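Spelled out from the first residue to the last, the chains are:
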Amino acid sequence: MQTEIPPPDSTHDSNYDQANDRYVFRYDPDGTATLTTTIVHALSSIANVDVSQGEFSLYDSIDPDALEQLFSRKNDGERRLDGHVCFRALEHEVYVFANGDIFVYPPAGSGQSPLR
């Protein structure tokens, strides 16, 4: 008997990288959303918290202004292409890379991965 795995039924499931047990998001520096907004929305969708109700603040984990400054353009206007920062938020490990990649790892043993 073969078990069929249902397709993802929510937005963040499509961002789940099962092979690496992480969620993958992308920040577009030319887009309308800031880096911190992208991270907050990513975390809220994964952890099912409502940021509009004050259930979560990025300040509890990292200084958002400092995070934005780390990945802002250089003094000469060029984009930063290297470097990364890692922090914990809502019990998840968040890795932010200068190239725009954002990886969010669920808490170990949480069973939070959508296809487990």
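Residues numbered from 1 in each chain as written. Predicted model: local features only at pLDDT ≥ 70, side-chain atom pairs only at ≥ 80, totals over all residues. Heavy atoms only, no water.

Caption draft 1: Structural context of the overall build of the protein. In terms of helices and strands, the protein carries 2 helices and 5 strands. Ordering the α and β elements of the protein from the N terminus gives β-β-α-α-β-β-β. For the protein, buried positions account for 33% of its 116 residues. The contacts in the protein between residues at least 6 apart in sequence include a share of 47% that link residues at least 24 apart. In the form shown here, the protein has an accessible surface area of approximately 7600 Å², with 46% of it arising from carbon and sulfur atoms. (Helix = DSSP H or I, 4+ residues; strand = E, 2+ residues; numbered from the N terminus. Buried < 20%, exposed > 50% of the residue type's maximum accessible area, 1.4 Å probe, protein only. Contact = heavy atoms within 4.5 Å. Areas by Shrake-Rupley, 256 points an atom, 1.4 Å probe, with all protein chains shown as cover.)

Caption draft 2: Examining the pairing of strand E5 (residues 101-105) more closely. Sheet topology places strand E2 (residues 22-26) next to E5; 4 bridges connect them, and they run antiparallel. Note on E5: the bridge partner recorded for Arg26 is Asp101. (Pairing = 2+ DSSP bridges.)

Caption draft 3: Representation of unusual backbone geometry in the model. Even without glycine at this site, Leu90 takes up a positive phi of about 50°. One non-glycine residue, Glu91, lies in the positive phi region at around 70°. Tracing the chain through its elements places Glu91 in the loop between strand E3 (84-89) and strand E4 (92-97). A relative accessible area of 59% means that Glu91 is categorised as exposed.

Caption draft 4: Broad picture of the side chain of Thr38. Tracing the chain through its elements places Thr38 in helix H1 (residues 35-47). Not counting chain neighbours up to four residues away, the residues in contact with Thr38 comprise Arg26, Tyr27, Ala33 and Ile102.

Caption draft 5: Geometry of the side chain of Ser44. Here Ser44 shows up in helix H1. Classification of Ser44 by relative accessible area gives buried; the value is 12%. Apart from the residues within four sequence positions on either side, Ser44 is in contact with Val49 and Val51.

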